[in-house]
Amino acid sequence: MAPESRAPERLDRAVIFLGPPGAGKGTQAKELAKLYRAPHLSTGDMFREHVSLGTPLGEQVKPIMARGDLVPDSLVLKMVRERIERPDCSHGFVFDGFPRTVAQAQYLSVLLRQNGYRPPLVVHFALDPVLVLKRITGRRVCKVGGEIYNIYERPPKVEGRCDNDGGELIQRADDREEVVAPRLQAYEKLTEPLVSYYRRLGRLHDVDASKSIDDVREQMLEIVRNSR
Ligand code: AP5
């Protein structure tokens, strides 16, 4: 039986997708969230929505994101707390791009405990930095539904249009070649320490993110199924 046709149980926990920019976290988080009917919480998408709506938070984070730096923890943590306390998160959820600093991870562990969740499952998408540039500069995202494409690896059927809803495919402001290096530096300095942090706690599972999208999906689903 195909994995999709099985009716999976609920996630009943927080699943964290950790890895460098372009590693495939968003692509796989959408798959997992759909399969388990769980919310997909991408802090990057949340900030991009604030930017496109022109909210005060959006105005604050826009220049930070455009130069590839991390948004200050205080702004991230408030937004995340409000989001996971909503009722749709009560049966588990998928974090994509959060936590990103040790302080965010420590805050999250308190927040999860306070809200009655067991410790999170962490999936680490390991990808050599040399592959990051092609993935990022080739990415196109549907303006309507957020579906993720890649002009080299996962092109749409019709150039510039989403297969699902015909929406326009756009390039993210931080996917310009000159922003890739600062994003990678921020990852290596501030986020990569989380790999050993979660590994020490026995929560981390590695995925070889250099493989095909389907292969990575199978590795990821295997981890989730075996970590019930
Ligand atoms: P965010 O949106 O989280 O970006 P990111 O972590 O840099 O990750 P990406 O979205 O670039 O990559 P991804 O791993 O999701 O890859 P994708 O699946 O799209 O954050 C953006 C910014 O917001 C940050 O820089 C920061 O300023 C701010 N921010 C967000 N959260 C924050 C936080 N917690 N704290 C502070 N600041 C925060 O795939 C990439 C491409 O590769 C696609 O084209 C895809 O089709 C393709 N692809 C995917 N998998 C494969 C594969 N296996 N083989 C070939 N191609 C593939």
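The rules we used
- Residues numbered from 1 in each chain as written.
- Predicted model: local features only at pLDDT ≥ 70, side-chain atom pairs only at ≥ 80, totals over all residues.
- Heavy atoms only, no water.
- Pairing = 2+ DSSP bridges.
- Helix = DSSP H or I, 4+ residues; strand = E, 2+ residues; numbered from the N terminus.
- Axes fitted to C-alpha atoms, helices over the stretch in contact; angles between N-to-C directions.
- Polar contact = N/O pair within 3.5 Å; in protein donor to acceptor, adjacent residues only side chain to side chain.
- Contact = heavy atoms within 4.5 Å.
- Near = heavy atom within 4 Å.
- Areas by Shrake-Rupley, 256 points an atom, 1.4 Å probe, with all protein chains shown as cover.
- Nonpolar A, V, L, I, M, F, W, Y, C, P; charged D, E, K, R; others polar.
- Expected span 1.5 Å × (residues − 1).
- Buried < 20%, exposed > 50% of the residue type's maximum accessible area, 1.4 Å probe, protein only.
- Arc of directions from axis to C-beta.
- Phe/Tyr/Trp six-rings, centres within 6.5 Å; stacked < 30°, edge-to-face > 60°.

Novice: Would you explain the sheet that holds strand β3 (residues 93-96) in this entry?
Specialist: Hydrogen bonds between backbone groups are what pair the strands of a sheet, and the pairing can be parallel or antiparallel. Spatially, the five strands line up as an open sheet ordered β2-β3-β1-β4-β8, and their pairing is parallel. The sheet terminates laterally at β2 (40-42) and β8 (204-208), the two strands that pair on one side only. Mean inter-strand twist for the sheet, computed between neighbouring axes without regard to direction, equals 20°.

Novice: Please explain the environment of S196 as it appears in this structure.
Specialist: With respect to the helices and strands, the residue S196 is situated in helix α8 (residues 193-200). Among the polar contacts listed, one links the side chain of S196 to the backbone oxygen of P193, at a separation of 3.3 Å.

Novice: Before we go on, may I ask you to explain the sheet that holds strand β6 (residues 148-150) in this structure?
Specialist: The strand order across the open sheet built from three strands is β6-β5-β7, with neighbouring strands paired in antiparallel fashion. Each having just a single partner strand, β6 and β7 (169-170) make up the two edges of the open sheet. Where strand β5 (residues 139-142) meets β7, two bridges bridge the pair, whose relative direction is antiparallel. From the neighbouring strand, V141 faces β7, where its bridge partner is I170. Of the strands in this sheet, β5 and β6 are in contact with helix α6 (residues 129-137), which crosses β5 at around 40°.

Novice: Sorry if this is basic, but what is going on with the site of the ligand here?
Specialist: Lining the immediate environment of the ligand, one finds 35 residues, of which T27, D69, R100, R139 and R183 sit closest. Here a nitrogen atom of the ligand sits 2.7 Å away from a polar atom, N or O, in the side chain of T43. About the coverage of the ligand: the protein hides 97% of its 1,100 Å² of free accessible area. Residue contributions to the shell around the ligand peak at four residues, all from helix α2 (residues 43-53). By residue class, the composition of the shell around the ligand is 14 nonpolar, 10 polar and 11 charged.

Novice: Which parts of the structure should I look at to understand helix α9 (residues 213-226)?
Specialist: Because each turn of an α-helix spans 3.6 residues, side chains separated by three or four positions in sequence point in the same direction. Relative to the 20 Å expected for 14 residues at 1.5 Å per residue, α9 spans 20 Å between its end C-alpha atoms, a close match to the ideal helical length. Of the positions making up α9, those classed as buried are V216, R217, M220, L221, I223 and V224. Each buried residue of α9 sits inside an arc of 155° when the element is viewed along its axis, so together they form one side. In α9, those exposed residues whose orientation departs by more than 90 degrees from the buried face are D214 and N226. In this fold, the buried residues of α9 make contact with β1 (14-18), α1 (25-36), β4 (121-126) and β8.

Novice: Could you clarify how one ought to interpret the packing of aromatic side chains in this entry?
Specialist: Both the distance between ring centres and the angle between the ring planes are used here to describe each pair of aromatic rings. Inspection of every chain in the model, using the stated rule, returns five aromatic pairs. When the ring of F93 is compared with that of Y117, the centres are 5.4 Å apart and the planes differ by 85°; the resulting orientation is edge-to-face. A residue pair is termed long-range when its members are at least 10 positions apart, and F93 in strand β3 and Y117 in the loop between α5 (102-114) and β4 qualify at 24 residues. The buried category is assigned to F93, whose relative accessible area is 0%. Under the relative-accessibility criterion, Y117 is labelled buried at 13%. Centre to centre, the rings of F95 and F98 are 4.9 Å apart; their planes meet at 55°, and the pair counts as tilted. You'll find F95 and F98 in the same group, each marked buried. An aromatic cluster of three or more residues is present, and its members are F93, F95, F98 and Y117.

Novice: Help me understand α1 in this model?
Specialist: Its 12 residues give α1 an end-to-end C-alpha distance of 16 Å, which sits within 8% of 16 Å, the value for a rise of 1.5 Å per residue. Taken together, the buried positions of α1 are occupied by K25, G26, T27, Q28, A29, L32, A33, L35 and Y36. Tucked into the core, α1 has its buried residues touching β1, β2, β3, β4, β6 and α9. Directly beyond the C-terminal end of α1, a positive phi value near 50° is found at R37.

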